[in-house]
Amino acid sequence: MCDGIAAELEGIDLGDKRLNKRSERIIEALAADPQASINAACDGWSDTLAAYRFFDNNAIKPEQILQPHVNATKQRMSEHPVVLILQDTTELDFSDHAPDDAGCLNKEDRFGIYDHTHLAVTPERLCLGVVGVEQFDRTAESLGKTVERRTLPIEQKESFRWLNGYRLASKLANECPETQVVNVADREADIYDIFLEAEQHATPADFIIRAKEDRCTLEHDPDSGPAVYRKVRAEVSASDIRTTRIIDLPQTPKRGARKAELEVRAIRVTVKPPHARSRLPSVTYNVVLVEEVNGPQDGTDVSWLLITTLPIDSVEDILRVIDYYAARWSIEVFFRTLKTGCRVEEIQLEKMHRVKNCLAFYKIIAWRVLYLTYLNRECPSLPCTAVFDDSE
């Protein structure tokens, strides 16, 4: 998988033809053995030194390295009727060999960056590529000030990345008009601004977001007091069961793999804005409640309240929402490939700028690994010549 991967950099523009050519040699070298160090991956000291100089070049930005891959990913997206844009954040911990200018993670003595990636996959979980990356860190002074940050404008919060992610998905929906684009995210993306954006955007992407907040509907709850409103979860829990389902849950650090028996309910609701932002208009969306029955009762039982713009008119529609959300696991696999398969947390470079440039290559490599893995599962009879060139 080393030679063909250079095609993902076709059309790269780093302002110098020699740098463009060097980028191809670097990605081929790193892809030949993703777990090797930069020194071991490069062919001799001259190539190693050239790679280090490339990473250190202040005129080169990670976005420039990724751009041709993003363009290729958009082309692949246009070939599919539905594409899911998965967004999630992982931490890259460089504490053992921190760059000189590394920021903090969640503690003063932990150094690295938070990497927020937008990954395009098909509903069948074929990984099409990375379409966006946002990276950030923290200062020692900012740690432990979550409460103070709550009153800040959304643009000044770390959570702004989720809204940016939805905006990116909407931009892709506009650029790929024949493809239905669905933004899929977990609980951190449960931000009222996204729901407003979806209702006000000229060409919105659809979304599926797992709820974190149990918002209020417009209906009063007379049993609880004159100023109390009914909650969304209570409303959907009181509705009829629409269907049942058995799904395979993958193993995680908190649970073993198992089959889960699910009860599924779904309704359409209109919710009030957050109390502190009561001037905002209400929004309307669909919710799908997925709850495990006969589970282990050990804290790992499935309980998903999914907020979505997708239809819930039929059982088929509702199951489609669940399947699309379950495909979110692909981004967890991508992060694991990046950390374990490519060992990116073992990169030892003195400046964070160098690390980010290097990471851009490994993101493309991690995509290639996932792409070939899932392509083999979905199309086992596909000849190898469809994705490999002669040398590979």
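Being a predicted model, the structure only gives us computed values, none of them experimental.

Q: Can you help me understand the pairing of strand S2 (residues 112–121) in this one?
A: Each regular strand carries side chains that alternate between the two faces of the sheet. In terms of burial, S2 is a largely internal element, ten of the ten residues being buried. Here strand S1 (residues 82–93) runs beside S2; their pairing, made up of ten bridges, is antiparallel. Looking at the pairing, Thr-89 lines up with His-116 of S2. Where S2 and strand S3 (residues 127–136) come together, eight bridges link them in antiparallel fashion. From the neighbouring strand, Asp-115 faces S3, where its bridge partner is Gln-135. Between S2 and S3, which pair antiparallel in sequence order, lie five residues; one of them, Arg-125, sits at a positive phi of approximately 80°.

Q: In this structure, what is going on with the packing of aromatic side chains? I would like to understand it.
A: The description of an aromatic ring pair rests on the distance of the ring centres and on the angle between the ring planes. Enumeration according to the criterion identifies eleven aromatic pairs in this entry. The interplanar angle of 50° and the centroid separation of 5.7 Å between the aromatic rings of Phe-54 and Phe-361 together place this pair among those described as tilted. Linking Phe-54 in helix H3 (residues 44–56) with Phe-361 in helix H11 (residues 352–378), this pair joins segments that are 307 residues apart in sequence. Classification of Phe-54 as buried rests on a relative accessible area of 2%. With centroids separated by 5.2 Å and ring planes inclined at 20°, the aromatic side chains of Tyr-114 and Phe-136 adopt a geometry described as stacked. You can see Tyr-114 sitting in strand S2 and its partner Phe-136 sitting in strand S3, a full 22 residues away along the chain.

Q: Mind showing me how you'd approach the nonpolar core here?
A: Met-77 and Val-288 are the most contacted members of the largest nonpolar core, which has 120 residues in total. Looking at this core element by element, the count peaks at 16 residues for H11. Setting aside residues no more than four positions away along its own chain, Val-288 makes contact with Val-264, Arg-265, Ala-266, Trp-304, Leu-305, Leu-306, Ile-312, Ile-318, Val-321 and Ile-322.

Q: What's the story with the environment of Trp-304 in this structure? I'm lost.
A: Turning to its location among the elements, Trp-304 is positioned in strand S11 (residues 303–308). Not counting residues up to four positions away in its chain, the partners in contact with Trp-304 are Arg-210, Ile-247, Val-288, Leu-289, Val-290, Ile-322 and Tyr-325.

Rules and cut-offs
Residues numbered from 1 in each chain as written. Predicted model: local features only at pLDDT ≥ 70, side-chain atom pairs only at ≥ 80, totals over all residues. Heavy atoms only, no water. Buried < 20%, exposed > 50% of the residue type's maximum accessible area, 1.4 Å probe, protein only. Helix = DSSP H or I, 4+ residues; strand = E, 2+ residues; numbered from the N terminus. Pairing = 2+ DSSP bridges. Phe/Tyr/Trp six-rings, centres within 6.5 Å; stacked < 30°, edge-to-face > 60°. Core = buried A, V, L, I, M, F, W, Y, C linked by side-chain atoms within 4.5 Å. Contact = heavy atoms within 4.5 Å.

Limitation: the analysis is restricted to geometry and does not speak to function.
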